[in-house]
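# Structural features, examined
Okay, here's what each chain looks like letter by letter:
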Amino acid sequence: MTGRVFDIKRYSIHDGPGIRTTVFLKGCSLHCLWCHNPESISPDPELMHRPSRCSRCYACIEACPPGAISKGPGGTIVIDRASCDLCGQCAEACLYDAMQVVGRAMSVDEVVGEVERDRIFFEQSGGGVTFSGGDPLAQPAFLEALLDACRGRNLRTAIDTAGASSNGALERAAAKTDLVLFDLKHMDDGKHIEMTGISNRPILENLEKLAAGPAEVWVRIPVVAGVNDDDESAARMIAFLSPLGTVRRVGLLPYHAGGLEKAARIGRGEDFRKFESPSGERLAAVEAAFRRAGFEVHRGG
Ligand code: SF4
Ligand code: SF4
């Protein structure tokens, strides 16, 4: 079985316990306007151009069969994405790693073979593999096969999910993993729809179901100034999470604008919005509110 992977990052310390290797699967059913991995949202491959690495040698223009690349104002690279068929020949021709097709097909054995190289770090630190995205549940069969293969090789796993999956996919994956990192964005449904494109109802229902089961669940909250860094948003989240009992750990992930540059690299800068990072004062107030309610709070994961 193969799935579509867009990155594998080693030595992560924010995606679960210990030192971890994070495997990013392509595809997500949400479209958060602040997304820090905009190249993760589409399930399909995408062409990414990094101007900061580009030497303007124009080898890519020569290499492109349909002529989808041209020189723009000031010698910049312009991609006609409607003409691009994602053949990858520009990326092969680029000696500067400035052009890349994001999202490659990998088999379960290839992914697990990659992460097994880090086994010694997992064993020394109590770490393991985290399947993230996007939302790894956008490829549910592939995710389950990866989790089975890891368990068969005695590798500890976590999944990092936006929580909107249906048809029992989350419960099945949760039964095969050691930890679920569950993202919570906003308790107000209208605001959730405005910011992510979908209702929060299936997400909240999934979290309630998950918390009633045996899975260990850490909730992670992207904290965005003017969106959910106010006292009322924190209070509503606390009121929802407190009765769930098994959810005792909360990670606060302060927004940063890094996703916007990545969105521009795939030609989708217009689809995302620039927000502000929460002030130190607001972050401290949100953290204090969760601590007062008895939660273990971590910043960054
Ligand atoms: S081949 Fe690479 S470095 Fe050269 S112009 Fe194209 S993207 Fe830039
Ligand atoms: S991926 Fe292929 S078609 Fe698309 S810009 Fe590169 S060379 Fe041209």
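Up top you'll find the structure we're talking about.
Description of the structure in this document. (Residues numbered from 1 in each chain as written. Chains lettered and ligands numbered in written order. Predicted model: local features only at pLDDT ≥ 70, side-chain atom pairs only at ≥ 80, totals over all residues. Heavy atoms only, no water.)

## Some words on the site of ligand 1
What surrounds ligand 1 is a group of 13 residues, the closest being Cys54, Cys57, Tyr58, Cys60 and Cys94. Classifying every residue of the shell around ligand 1 gives ten nonpolar, two polar and one charged. (Near = heavy atom within 4 Å. Nonpolar A, V, L, I, M, F, W, Y, C, P; charged D, E, K, R; others polar.)

## Considerations on the layout of surface pockets
Any empty space left between atoms is shown by rolling a water-sized probe over those atoms. The space that makes up the largest pocket amounts to roughly 870 Å³. Lining the largest pocket are 37 residues, with His36, Asn37, Asp160, Arg220 and Leu253 sitting closest to its centre. With four residues, strand 1 (residues 2-12) is the largest single contributor of residues to the lining of the largest pocket. Residue composition of the lining of the largest pocket, grouped by class: 14 nonpolar, 15 polar and eight charged. (1 Å grid on protein atoms, 1.4 Å probe; cavity = no way out; pocket = protein on both sides within 12 Å on 5 of 7 lines; lining within 4 Å. Points joined across faces, edges and corners; volume = space filled by probe spheres on them. Helix = DSSP H or I, 4+ residues; strand = E, 2+ residues; numbered from the N terminus.)

## A few points about the site of ligand 2
Around ligand 2, the neighbouring residues are Leu47, Cys64, Pro65, Pro66, Ile69, Cys84, Asp85, Leu86, Cys87, Gly88, Gln89 and Cys90. Of the residues assigned to the shell around ligand 2, the class counts are nine nonpolar, two polar and one charged.

## As for helix 5 (residues 140-152)
With 13 residues, helix 5 extends 18 Å from end C-alpha to end C-alpha; this agrees with the ideal 18 Å at 1.5 Å per step. Considered for burial, the residues of helix 5 that qualify are Phe142, Leu143, Glu144, Leu146, Leu147, Ala149 and Cys150. Directly beyond the C-terminal end of helix 5, a positive phi value near 60° is found at Asn154. (Expected span 1.5 Å × (residues − 1). Buried < 20%, exposed > 50% of the residue type's maximum accessible area, 1.4 Å probe, protein only.)

## Description of unusual backbone geometry
The omega angle of the peptide bond from Gly133 to Gly134 is 15°, so this bond is cis rather than trans. Looking at the element boundaries, Gly134 is found in the loop between strand 8 (128-132) and helix 5. The phi dihedral of Leu86 falls on the positive side, at around 60°, and the residue is not glycine. Within the secondary structure layout, Leu86 lies in the loop between strand 5 (77-79) and helix 2 (89-93).

## Here we look at the pattern of salt bridges
For the structure shown, the criterion picks out 28 salt bridges. The salt bridge partner of Glu114 is Arg10, with a shortest N-O separation of 3.6 Å. Taken together, the residues Glu114 in helix 3 (residues 108-116) and Arg10 in strand 1 connect sequence positions 104 residues apart. Residue Glu114 is classed as partly exposed on the basis of its relative accessible area of 22%. Notably, a salt bridge pairs Lys262 with Glu39, separated by 3.5 Å at the nearest N-O pair. Of this pair, Lys262 sits in helix 10 (residues 258-265) while Glu39 sits in the loop between strand 2 (20-25) and strand 3 (46-49); the two residues are 223 residues apart in sequence, bridging distant segments of the chain. By the burial criterion, Lys262 is buried, and Glu39 matches it. (Salt bridge = Lys/Arg side-chain N within 4 Å of Asp/Glu carboxyl O.)

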